[in-house]
Amino acid sequence: MMALDGVRVLDLSRLAPGPFCTMLLADFGADVIVVEAPPGAARISMEEERPEARALNPLQRNKRSIAINLRQQEGREVFYRLARDADVVVEGFRPGVVRRLGVDYETLARLNPRLIYCSLSGYGQDGPYAGLVGHDINYISVGGALGLTGWPGQPPAIPMNIIADFAGGGLYAAFAICLALLARERTGRGQYIDMAMSDGVASLLTWVASRYLANGQVPRPGEDMLNGGTPCYNVYRCADGRYLSIGCLEPYFWEALCRALGAEQYIAHQWDRERYPEIFDYLRRRFQEKTRDEWFHELRQYDICVAPVYSLDEVFSDPHVLHRQMLAEVEHPDLGRVRQVGVGAKLSDTPGSIRALGPRLGQHTDEVLRQAGYTDAELESLRRAGIIA
C-alpha cells in the first residue's frame, strides 16, 4: 500500500512547479494522468518531443500521459468524462486560461462536487499582480527572499529556482492538495486551491519576517544572523579553494569551534559586533591552513555544526546522501539505468518509490480512456478527428 493509492490526479500543468507538485503526489502512489496537447495543437519544443528527454525528466516519473485537444469541444467532453471520476485537477496556466478552455473549477465542480482543483500561478488568481507574467526570480523578489540574499553593498545573490518554483510553488501546492483531501474525508466536499508562488515565498519567510513585524527592524543582506552577518554562521574558503559551512549558533557549538581552532579568546564575543572584523579575519586565515575535506574530517569529530559546501557531482557521491537513498536508479528499456534524485520523505509504513520513468506523449491515452468507458471504435473516431493522440 502507498499513502495516496486510489487518488487520481489530472495534471494540466506544464512548467516546473506544477509537474514537481504532481511528481510528489505520484511518488506516493497517486495515479497522475498528465493531460497534454496532441502534436500540432500547442507549441512544444523539440527537446520535449524527444522520447529520451521525456524519460530522463524526473518531474514526469510515475505518471501516465494522454493527449487531448482541449481547444475542441469534443476534447473537452473527453476531459469532462475523466474529471467526473477524478479526485484532483492541477493547472498552472495564467489566470483566466482554464476558463477560456472550459475546464475551470466552477465548470468541473458541477460535474464532480468532490473534486479538488488547484490553480498554481505566480501571483494568484486575484490582486494587482495577478495578470503579470513572471518566473522564480520575480516571485522571490515580491515575496521578499531575494532582497535578503547576498552581501552588503552588492546586488542580491540570485539562487537557483528552488525557492519559488519548487518550495513556495510545487511543494506548497502538494501540501495544500493533501490538506484538501484530508478535509474531504470529513466534509465530503471538494474545494478550490489558489496557490500563488509569491505567497509561498512570503510564507517561507515566516520566521525572519516575524521579527520585522514585531519591532520594525528590516534585515539586510549579509547583516542578519542567518544570512552571513555573523562569524558563527558563515562559509569559509579553505586551502584548496573550496568552501566549508559553519553553523555554530548555539553558544556551546561556538565554544567547541573556538577551542578546536585555538581561538578561545573569542568564545565570549560570539555576538559582539565590534569584534566581528577581527574574528572574521582570524577564521578566514585559519581555514586557509587546510583543505575543505581535511577541516571537515577534523571538525566533525567534535560537537560542531560543520559541513562541506558541495557541487552537485559531490552531492551524489557523498556516503550519507547515498545511504539515505537520495540517488535512485531506474531501468529503462532503451536507455538502460537512469539515475534520478530519490524520494525525500521517508514514511515507515507507506513509503514512496520511483516505479516508472516519464512516459511518451500520449503513451496511455487508449489505456486511460478505455478505463473511462470509451470503446475502440470511439477512440479511433476521436483519433481520426485529431481530438486525441
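Residues numbered from 1 in each chain as written. Predicted model: local features only at pLDDT ≥ 70, side-chain atom pairs only at ≥ 80, totals over all residues. Heavy atoms only, no water.

Asker: Explain the sheet that holds strand 1 (residues 8-11) to me, using residue names and the numbers behind them.
Answerer: If you trace the 6 strands from one edge of the open sheet to the other, you get 3-2-1-4-5-6, paired in parallel fashion. The open sheet has two edge strands with one neighbour each: strand 3 (63-67) and strand 6 (192-196). The sheet shows a mean angle of 20° between the axes of neighbouring strands, taken without regard to direction. The sheet contact formed by strand 1 and strand 2 (residues 31-36) spans 4 bridges and is parallel. (Pairing = 2+ DSSP bridges. Helix = DSSP H or I, 4+ residues; strand = E, 2+ residues; numbered from the N terminus. Axes fitted to C-alpha atoms, helices over the stretch in contact; angles between N-to-C directions.)

Asker: How would you sum up the sheet that holds strand 7 (residues 233-237)? Please name residues and give values.
Answerer: The strand order across the open sheet formed by 3 strands is 7-8-9, and the pairing between neighbours is antiparallel. Every interior strand has two partners, whereas the edge strands, strand 7 and strand 9 (306-308), have only one. Taken pair by pair, the neighbouring strands of this sheet meet at an average axis angle of 20°, ignoring direction. Direction of pairing for strand 7 relative to strand 8 (residues 243-247): antiparallel, over a ladder of 5 bridges. Within the sheet, the bridge partner assigned to Arg237 lies in strand 8 and is Tyr243.

Asker: Explain the packing of helix 8 (residues 162-187) against helix 9 (residues 197-204) residue by residue, including any values.
Answerer: The contact between helix 8 and helix 9 brings their axes to 8 Å, and the two run at 95°. As summarised for this structure, helix 8 and helix 9 are arranged roughly perpendicular, according to the angle between their axes. Residues Ile163, Ala164, Asp165, Ala167, Gly168, Gly169 and Tyr172 of helix 8 form the contact with helix 9, whose participating residues are Met197, Gly200, Val201, Ser203 and Leu204. The residue makeup of the contact of helix 8 with helix 9, split by class, is 7 nonpolar, 4 polar and 1 charged. (Parallel < 35°, antiparallel > 145°, perpendicular 65-115°, else oblique. Contact = heavy atoms within 4.5 Å. Nonpolar A, V, L, I, M, F, W, Y, C, P; charged D, E, K, R; others polar.)

Asker: Pulling in residues and values, what's your account of the state of the cysteines?
Answerer: Within the structure shown, the criterion is met by 0 disulfides. Cys118 forms no disulfide, and the closest cysteine sulfur to it belongs to Cys21, at a distance of 5.7 Å. Exposure remark for Cys118: the relative accessible area of 0% places this residue in the buried category. A disulfide-free cysteine, Cys258 has its sulfur positioned 8.3 Å from the sulfur of Cys248, the nearest such atom. Judged by its relative accessible area of 3%, Cys258 falls in the buried class. (Disulfide = S-S within 2.5 Å. Buried < 20%, exposed > 50% of the residue type's maximum accessible area, 1.4 Å probe, protein only.)

Asker: Break down the pattern of salt bridges for me, with residues and values.
Answerer: Evaluation of the coordinates by the stated rule reveals 25 salt bridges. As a salt-bridge pair, Arg242 and Asp293 come within 3.4 Å of each other at their nearest N and O atoms. Of this pair, Arg242 sits in the loop between strand 7 and strand 8 while Asp293 sits in helix 13 (residues 292-299), and the two are 51 residues apart along the sequence. Relative accessible area serves as the criterion here: at 33%, Arg242 is assigned to the partly exposed category. (Salt bridge = Lys/Arg side-chain N within 4 Å of Asp/Glu carboxyl O.)

Asker: Give me the packing of aromatic side chains: which residues, what numbers.
Answerer: When we look at a pair of aromatic rings, we describe it by the centre distance and by the angle of the planes. A full pass over the atoms with the stated rule returns 12 aromatic pairs. Between Tyr123 and Tyr129, the ring centres sit 5.8 Å apart and the planes meet at 75°, which makes this aromatic pair edge-to-face. For Tyr123, a relative accessible area of 11% translates into the label buried. These aromatic residues form a ring-pair network of at least three members: Tyr105, Tyr117 and Tyr192. Stacked on the ring of Tyr374, the Lys or Arg Arg81 has its end atom at 3.8 Å from the ring centre. (Phe/Tyr/Trp six-rings, centres within 6.5 Å; stacked < 30°, edge-to-face > 60°. Lys NZ or Arg CZ within 6 Å of the ring centre and 35° of its normal.)

Asker: Tell me about a nonpolar patch on the surface, and please be specific about residues and values.
Answerer: On the surface, Tyr129, Leu132 and Val142 cluster together into a nonpolar patch covering about 290 Å² of accessible area. Mapped onto the secondary structure, Leu132 falls in the loop between strand 5 (116-121) and helix 7 (136-143). Given the relative accessible area of 46%, Leu132 is considered partly exposed. (Patch = residues over 30% accessible without salt bridge, like charges linked within 9 Å, V, L, I, M, F, W, Y side chains within 5 Å. Areas by Shrake-Rupley, 256 points an atom, 1.4 Å probe, with all protein chains shown as cover.)

Asker: Before we move on, can you summarise helix 11 (residues 251-260) with the specific residues and values?
Answerer: Buried within helix 11 we find Phe253, Trp254, Ala256, Leu257, Cys258 and Ala260. On its buried face, helix 11 sits against strand 8, helix 12 (276-287) and helix 13. Trailing helix 11 by a residue or two, Gly262 shows a phi angle of about 65°, which is positive.

Asker: Please set out the environment of Glu255 residue by residue, giving values where relevant.
Answerer: With respect to the secondary-structure elements, Glu255 resides in helix 11. Using a relative accessible area of 31% as the deciding quantity, one classes Glu255 as partly exposed. Considered as a pair, Glu255 and Gln270 are 15 residues apart in the sequence and their alpha carbons are 8.9 Å apart.

Asker: Can you tell me about the side chain of Arg184, naming the residues and giving the values?
Answerer: In this fold, Arg184 is placed in helix 8. The exposure class of Arg184 is buried, given its relative accessible area of 6%.

Asker: Please provide a residue-by-residue account of the pairing of strand 10 (residues 327-332), values included.
Answerer: Going residue by residue along strand 10, you find Ala328, Val330 and His332 tucked away on one face and Leu327, Glu329 and Glu331 left uncovered on the opposite face. Bridge count between strand 10 and strand 11 (residues 336-341): 6 bridges; the pairing is antiparallel. Within strand 11, the residue paired with Glu331 across the bridge is Arg337. Hairpin connection, strand 10 to strand 11: the antiparallel pair is bridged by 3 residues.

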